[in-house]
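So you can see what is in the structure, the chains are spelled out below.
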Amino acid sequence: VTKPAIRETDHKRGMIVRQTAPLNLETPFAQLSDWIVPVEEFFVRNHFPVPTPDPAEWRLVIGGLVERPLSLSLADLAAMPQIEMPAVVECAGNGRVYYEPVRQGLQWQNGAVGNARWSGVRLADLLTAAGVRPGAVEAVLVGADGGLVDGGQKTASPGPIAFARSIPLDKAMADDVILATHMNGEPLRQEHGFPLRAVIGGWYGMAWIKWLAEIRIVDRPFGGYWQMRDYFRWSRDLGEPRLTPLSVMEVKSQIIEPITGARLRLGEPVRIRGMAWSGHGGIERVDLSFDGGGWKAARLLGEDLPNAWRGFEHFLTPVQPGKMEIRARATDRRDNVQPETQQSDRESYLANWIVPVTVSVVAGADKAGAEYAI
Ligand SMILES: Nc1nc2c(c(=O)[nH]1)N[C@H]1C(S)=C(S)[C@@H](COP(=O)(O)O)O[C@H]1N2
Ligand SMILES: [Mo]
């Protein structure tokens, strides 16, 4: 029996509990009101019990192919130039529940994604200080958490292994990769990686290593468990399917409201709103379609930043009673468009196809408050 290592979850009340040990919590997406998701409502994705390190003892070790291996305390990091970046992080398994037939794994609906302000130091600054040596190709990021995978039966090392992922060196040196100590202006909460986590702008969550303890600069692509055995998809190589580690977030939009099952009133304007994001330089447009009709441009809202999500809205006055299907389709700055249907090369991940919201339009005056009968 695994003892849940985290007790202080009171601030996470109201979350959808997908798993308790390890702790996995989903944001009730339909309740989102702001561009920034409050820490209290931010989803949590863990593979192991949450580590509770002593911040006074904490060290980030940078080694491997570097001129000067480093061992940095939190005070060392705090003394460096600090930057803040709003960025969206989506778990690659978000939307898995929509796969048909059912795919194994946590059955995330729409709430394994969130947008926050992350602050800390640029990874590039640390790597420059350490001096990356020629021949380096990737940075392996290693968390302080770990355990047995596949019951310890299949992995070559017959003991616990750490949660680790790699990013290419050019991404490690990019402006949008930071090692964050703060989230929405407050110190990271334990379950979000306190005292230090990676923020990999534009990438799926599995690369955003929490409780970041070590960075290893390596001369060949990392082939670890979460790189190749999990969080991968299929792509073509020399004409044959090949395992490809997941990386950049695919273009996607999700409607916040109305929700499936909502009752809208005939002749009364209703606000349709949601969020859209893409790891490929942000969102170009979001279009909406009603009952399979033509696409109508939604209005994009708020700040336009490459690594954050973008709000959208559209006002509609239903003119026909009965069921109505609402579809949202995002297009990103590289002209990637959300697909119509699920793809077969993505294992149980990257569920970015259009999921219609089905509402009913009712005539006549309902009792007050009954228009969103859920
Ligand atoms: N050390 C460590 N880092 C981790 C994980 C983990 O289990 N251990 N989960 C990853 C996954 S799959 C996701 S989606 C994000 C989720 O970040 P959050 O829990 O802060 O929302 O953390 C990533 N970083
Ligand atoms: Mo994830």
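Here is what the cut-offs are and how they apply
- Residues numbered from 1 in each chain as written.
- Chains lettered and ligands numbered in written order.
- Predicted model: local features only at pLDDT ≥ 70, side-chain atom pairs only at ≥ 80, totals over all residues.
- Heavy atoms only, no water.
- Helix = DSSP H or I, 4+ residues; strand = E, 2+ residues; numbered from the N terminus.
- Rg over C-alpha atoms; globule rule 2.2 N^0.38 Å.
- Buried < 20%, exposed > 50% of the residue type's maximum accessible area, 1.4 Å probe, protein only.
- Contact = heavy atoms within 4.5 Å.
- Areas by Shrake-Rupley, 256 points an atom, 1.4 Å probe, with all protein chains shown as cover.
- Lys, Arg positive; Asp, Glu negative; His and termini not counted.
- Charge placed at Lys NZ, Arg CZ, Asp CG, Glu CD.
- Pairing = 2+ DSSP bridges.
- Near = heavy atom within 4 Å.
- Polar contact = N/O pair within 3.5 Å; in protein donor to acceptor, adjacent residues only side chain to side chain.
- Nonpolar A, V, L, I, M, F, W, Y, C, P; charged D, E, K, R; others polar.
- Axes fitted to C-alpha atoms, helices over the stretch in contact; angles between N-to-C directions.
- Arc of directions from axis to C-beta.
- pLDDT = per-residue confidence, 0-100.

A. Expanded view of the overall build of the protein. In terms of regular secondary structure, the protein is built from four helices and 24 strands. Compactness check: the protein gives a C-alpha radius of gyration of 22 Å against a globular reference of 21 Å for 374 residues, within 12% of the reference. Taken along the three principal axes of its C-alpha coordinates, the protein extends 70 × 50 × 45 Å. For the protein, with 374 residues in total, the buried portion stands at 52%. The long-range fraction of contacts in the protein, counting pairs at least 24 apart against all pairs at least 6 apart in sequence, stands at 73%. In the form shown here, the protein has an accessible surface area of approximately 16800 Å², with 52% of it arising from carbon and sulfur atoms. Placing the 41 positive and 44 negative side-chain charges of the protein at their respective mean positions leaves the two points 3 Å apart.

B. The pairing of strand β22 (residues 310-316), seen in detail. Burial within β22 is extensive, with six of its seven residues counted as buried. Pairing of strand β18 (residues 270-277) with β22, which is carried by seven bridges, proceeds in the antiparallel orientation. Across the sheet, M275 pairs through a bridge with G311, a residue of β22. As paired elements, strand β21 (residues 299-301) and β22 share three bridges and run antiparallel to each other. Among the inter-strand pairings, L301 is bridged to a residue of β22, identified as G311.

C. Looking closely at the site of ligand 1. Taken together, 19 residues sit near ligand 1, with F43, D145, H192, R197 and K210 positioned nearest. Backbone polar atom of F43 to an oxygen atom of ligand 1: 2.7 Å apart, as the coordinates give it. One of the backbone N or O atoms of W208 is found 3.0 Å from a nitrogen atom in ligand 1. For ligand 1, the accessible surface in isolation is 530 Å², of which the surrounding protein chains cover 100%. Secondary structure elements with two or more residues in the shell around ligand 1: β3 (44-45) and β8 (138-147). Among the residues making up the shell around ligand 1, the classes are represented as ten nonpolar, five polar and four charged.

D. Structural detail: the sheet that holds strand β9 (residues 161-168). If you trace the five strands from one edge of the open sheet to the other, you get β5-β4-β13-β8-β9, paired in mixed fashion. Strands with a single pairing partner mark the edges of an open sheet, and in this sheet they are β5 (70-72) and β9. Looking at each pair of strands side by side, their axes are set apart by 20° on average, direction ignored. Examined bridge by bridge, strand β4 (residues 60-64) and β5 share three bridges and lie antiparallel to one another. Among the inter-strand pairings, V61 is bridged to a residue of β5, identified as S71.

E. Looking closely at helix α2 (residues 123-130). The set of residues buried in α2 consists of L123, A124, L126, L127 and A130. Across the axial projection of α2, the buried residues extend over an arc of 160°, all falling on one side. Looking one or two places after α2, you find G131, whose phi comes out positive at around 75°.

F. Just the confidence of the model for the protein, in detail. Averaged over every residue, the pLDDT of the protein is 92; the share at 70 or more is 93%. Counting interchain partners and residues more than four positions distant, the pLDDT-below-50 stretch residues 1-8 has nine contacts.

G. Expanded view of the pairing of strand β10 (residues 177-183). Within β10, six of the seven residues are buried, which leaves it mostly tucked inside the rest of the structure. Inspection of the sheet shows strand β7 (residues 113-122) paired to β10 by five bridges, in the antiparallel sense. Its bridge partner lying in β10, S119 is registered against H182. Relative to strand β12 (residues 197-200), β10 is paired through four bridges, and the arrangement is antiparallel. Of the residues in β12, the one forming a bridge with L179 is A198. In this sheet, strand β11 (residues 186-187) lies alongside β10 in antiparallel orientation, the contact comprising two bridges. The residue bridging M183 from the neighbouring strand is E186, located in β11. Joining the antiparallel neighbours β10 and β11 is a turn of two residues, in which N184 adopts a positive phi near 55°.

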